[in-house]
Every structure is written in structure tokens, then in C-alpha cells.
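Listed here are the chains, written in short residue letters.
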Amino acid sequence: MLGAAMDDSSRPLQEALADYRVACPDAVGLADEFEGFLRSAPTVFERAHTIGHFTGSAWLVSSDGARVLLTHHRKLNAWLQLGGHADGDADLARVALREAEEESGLRDLVVESAIFDIDRHRIPARRDEPEHWHYDVRYVVRATRGEAFVVGDESHALAWRAVRELVDDETVDESVRRMAAKWLMRG
């Protein structure tokens, strides 16, 4: 039975998390945590949900799948995947695609519907924003045409990086290394 806080717009994410549990049995506990958070309040897709909220991210790979586009995030000062706030949109694959387009300037991107990875991470307090959690749902997004990106306001830099090199690169976030390893396992 669905929790009282969950509405019909949340059902696809609940089903996607169930599918993710099957595809990634080592992440069952984290997927359960995400589902519990999904059920906790109707506002979990809004930034105004101050203890935390859902975000959508893109594992943006080149057309041949050998490289991934990373951002040197301006606020977090780290090399990460592209992504951002849901801002009320419960379709996190759509959020990931939108954020990939906005943050890279790339067009003709294609998003896979299945969840690729999930990650819960603490965002430090800033001027007008308290410390909170991001429940980040990550999707594979593929560049289908050009790879000439445009660096936006949210980034210090963007760079195409060889996925194979990221697995052991301790200068990038642990979750990026995990996604690189997961991507390589897909073959």
C-alpha cells in the first residue's frame, strides 16, 4: 500500500526504484531509504522541503560511450556529473535531461528511462540555505550529435573524461568513480 504522502505523480519513481533494487541488489538498503523518503511528504521534489529533496542527474556519455562529461561544480568545488533540483517535477529522468541540456549547451541528447545510480549526499549550509540532503537519482544520458559544450554559470569548467580513467581517479567524487565502474561493467 502506498503511503499517505505519495500521490500518483510519485508512483513512476517508486516503480523505478523497485526495478533498480532488482538490477542492483547491492543497493537495496539505499533504494529502501529513497522509497521511505519518497513516502515521507508530498513536497520531497521541492527545494522548500528543507531537510532534503530529490534531484536528477545525468551520466552524460559520448555517442561511443567511452567518455563522460563532468562539471567542475562552482558551489561544491568538485568534479561531478551534471544535474540539479527537481523543482516540483517528479519525473527525474526528465529533470536529468533538462539539467544536462542546460548545463552543457548540448542538444539532441537521449535519456534512458531506467535508473542508473542513486546517491544520498549532504549539502553544506550556505548563506540563506540550511544544510540538507540531496536524494540524487541518476540516469544515463547520451550525446547523439556534437560534443561541443558551453560552460554555464554553475560550473568552473566542463570536460569530457575517459570513463576508464575515472575508476581510479581519486580527484573525483567517490560516486563518480562508482558510476564509472558501473558503466564499464555494462560493457
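Predicted model, so just to flag it, every value in this text is computed and none were measured.

A.B. asks: Can you walk me through the layout of surface pockets in this structure?
C.D. replies: Over the atoms, a rolling probe the size of a water molecule traces out where space has been left empty. In this structure, the second largest pocket encloses a volume near 170 Å³. As for the second largest pocket, its lining consists of Gly65, Ala66, Arg142, Arg164, Trp183, Leu184, Arg186 and Gly187. Of all the elements, helix α5 (residues 174-186) adds the most residues to the lining of the second largest pocket, at three residues. Tallied by class, residues from the lining of the second largest pocket come to three nonpolar, two polar and three charged.

A.B. asks: Just to check I follow, could you spell out unusual backbone geometry for this structure?
C.D. replies: At Asp87, a residue that is not glycine, the phi angle is positive and equals roughly 50°. One can find Asp87 in the loop between β3 (78-85) and α3 (92-104). The class for Asp87 is partly exposed, based on a relative accessible area of 43%.

A.B. asks: Just checking my understanding: could you explain the environment of Trp133 for this structure?
C.D. replies: As for its position among the elements, Trp133 is in strand β5 (residues 132-143). A C-alpha to C-alpha distance of 9.8 Å links Trp133 and Thr55, two positions 78 residues apart in sequence. Apart from the residues lying within four places of it in its own chain, the contact partners of Trp133 are Ile51, Gly52, His53, Arg120, His121 and Arg122.

A.B. asks: In this structure, what is going on with the packing of aromatic side chains? I would like to understand it.
C.D. replies: Aromatic rings considered in pairs are described by the distance between their centres and by the relative angle of their planes. Under the definition given, this model contains eight aromatic pairs. Members of the aromatic cluster, joined through ring pairs, are Phe34, Phe37, Phe45, Phe54 and Tyr135. Arg120 extends its terminal NZ or CZ atom over the ring of Trp133, reaching a point 3.5 Å from the ring centre. Sitting above the plane of the Phe116 ring, Lys182 keeps its charged end 5.6 Å from the centroid.

A.B. asks: Sorry, what's going on with the pattern of salt bridges here?
C.D. replies: Tallying each qualifying case throughout the model produces 22 salt bridges. The partner of Glu99 in a salt bridge is Arg98, with the nearest N and O atoms 3.7 Å apart. Classification of Glu99 as buried rests on a relative accessible area of 7%. Judged by its relative accessible area of 25%, Arg98 falls in the partly exposed class. Among the ionic pairs, Arg178 bridges to Asp119, the shortest N-O distance being 3.3 Å. Of this pair, Arg178 sits in helix α5 while Asp119 is found in strand β4 (residues 109-123), placing the two residues 59 residues apart along the sequence. Residue classification places Asp119 among the buried positions, given a relative accessible area of 12%. One connected set of salt bridges, linked through shared partners, spans Asp117, Asp119, Asp136, Arg138, Glu174, Arg178 and Lys182.

Calculation notes
Residues numbered from 1 in each chain as written. Predicted model: local features only at pLDDT ≥ 70, side-chain atom pairs only at ≥ 80, totals over all residues. Heavy atoms only, no water. 1 Å grid on protein atoms, 1.4 Å probe; cavity = no way out; pocket = protein on both sides within 12 Å on 5 of 7 lines; lining within 4 Å. Points joined across faces, edges and corners; volume = space filled by probe spheres on them. Helix = DSSP H or I, 4+ residues; strand = E, 2+ residues; numbered from the N terminus. Nonpolar A, V, L, I, M, F, W, Y, C, P; charged D, E, K, R; others polar. Buried < 20%, exposed > 50% of the residue type's maximum accessible area, 1.4 Å probe, protein only. Contact = heavy atoms within 4.5 Å. Phe/Tyr/Trp six-rings, centres within 6.5 Å; stacked < 30°, edge-to-face > 60°. Lys NZ or Arg CZ within 6 Å of the ring centre and 35° of its normal. Salt bridge = Lys/Arg side-chain N within 4 Å of Asp/Glu carboxyl O.

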